[in-house]
Amino acid sequence: QVDLVESGGGLVQTGGSLRLSCRDSGSRFRFDAMGWYRQTPGAQRELVASITSDGTTTYGDSVKGRFTVSMNGRKAVYLQMNNLKPEDTAVYYCNALFSYGPIEAPQSHTYWGQGTQVTVSS
């Protein structure tokens, strides 16, 4: 029933900014981590940025210093993208991790959004 709905993608010129949003509209879950991945044709999906429920952030090397990830209520994640470059062109996927069960036998589910296109023109 998790439904990660993404928005904010689009076409911008080099040096511009976009803010991606993702929110779970389909469940009452509170996620332990959320983030963004991106993928271009012929390449593996790569981590852009992630954030845990305690606020710990991780950024891919290629976006560090330009992108900022944030979370709201463990239900939504945002990605502020500044100084965009053509190399940032990709489909961006929202990701959410939900952990459950006892610590003796932890389990987790990973959920993905449908993806939103970001295109940065030269």
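First, a word on what this report is: a plain description of the structure on this page. (Residues numbered from 1 in each chain as written. Predicted model: local features only at pLDDT ≥ 70, side-chain atom pairs only at ≥ 80, totals over all residues. Heavy atoms only, no water.)

Time to look at the overall build of the protein. Scanning the protein from N- to C-terminus turns up 0 helices and 11 strands. Traced from its N-terminal end to its C-terminal end, the protein shows the element sequence β-β-β-β-β-β-β-β-β-β-β. In terms of overall size, the protein behaves like a compact globule, its C-alpha atoms giving a radius of gyration of 14 Å where 122 residues would be expected to give roughly 14 Å. Across its three principal axes, the protein shows a C-alpha extent of roughly 50 × 30 × 25 Å. Within the protein, buried positions represent 39% of all 122 residues. Taking contacts inside the protein between residues at least 6 apart in sequence as the whole, the part at least 24 apart equals 56%. (Helix = DSSP H or I, 4+ residues; strand = E, 2+ residues; numbered from the N terminus. Rg over C-alpha atoms; globule rule 2.2 N^0.38 Å. Buried < 20%, exposed > 50% of the residue type's maximum accessible area, 1.4 Å probe, protein only. Contact = heavy atoms within 4.5 Å.)

As defined by bridge partners, strand β4 (residues 33–39) adjoins strand β5 (residues 46–52) across 6 bridges and the pair is classed as antiparallel. Across the sheet, the residue bridging to Ala33 is Thr52, located in β5. Here β4 folds back onto β5 in antiparallel fashion, the turn holding 6 residues, of which Gly42 has a positive phi close to 80°. Both β5 and strand β6 (residues 57–59) contribute to a ladder of 3 bridges, which runs antiparallel. Paired with Ala49 across the two strands is Tyr59, which belongs to β6. Two successive antiparallel strands, β5 and β6, enclose a turn made up of 4 residues, where Gly55 displays a positive phi of approximately 95°. (Pairing = 2+ DSSP bridges.)

Pairing is antiparallel in the open sheet, where 4 strands are placed in the order β1-β3-β8-β7. The two strands at the open ends of the sheet, each matched to only one other strand, are β1 (4–7) and β7 (67–72). Neighbour-to-neighbour, the strand axes of this sheet turn through a mean angle of 15°, independent of strand direction. As paired strands, β7 and strand β8 (residues 76–81) are joined by 6 bridges and run antiparallel to one another. Each bridged residue has a counterpart across the sheet, and for Met71 the counterpart in β8 is Val77. (Axes fitted to C-alpha atoms, helices over the stretch in contact; angles between N-to-C directions.)

Assignment of secondary structure puts Asp24 in strand β3 (residues 18–24). At 3.0 Å, the side chain of Asp24 forms a polar contact with the backbone nitrogen of Gly26. For Asp24, the side chain forms a polar contact with the side chain of Lys75, separated by 2.7 Å. In contact with Asp24, other than residues within four places in its own chain, are Gln1, Val2, Asp3, Leu4, Phe31 and Lys75. (Polar contact = N/O pair within 3.5 Å; in protein donor to acceptor, adjacent residues only side chain to side chain.)

So, about the pattern of salt bridges. Overall, the coordinates contain 6 salt bridges when judged by the stated rule. Note that Arg38 and Asp88 form a salt bridge whose closest N and O atoms lie 2.9 Å from each other. Taken together, the residues Arg38 in strand β4 and Asp88 in the loop between β8 and β9 (90–100) connect sequence positions 50 residues apart. Across the pair, exposure class does not vary: Arg38 and Asp88 are buried alike. Through salt bridges with shared partners, a single ionic network connects Arg38, Glu46, Arg66 and Asp88. (Salt bridge = Lys/Arg side-chain N within 4 Å of Asp/Glu carboxyl O.)

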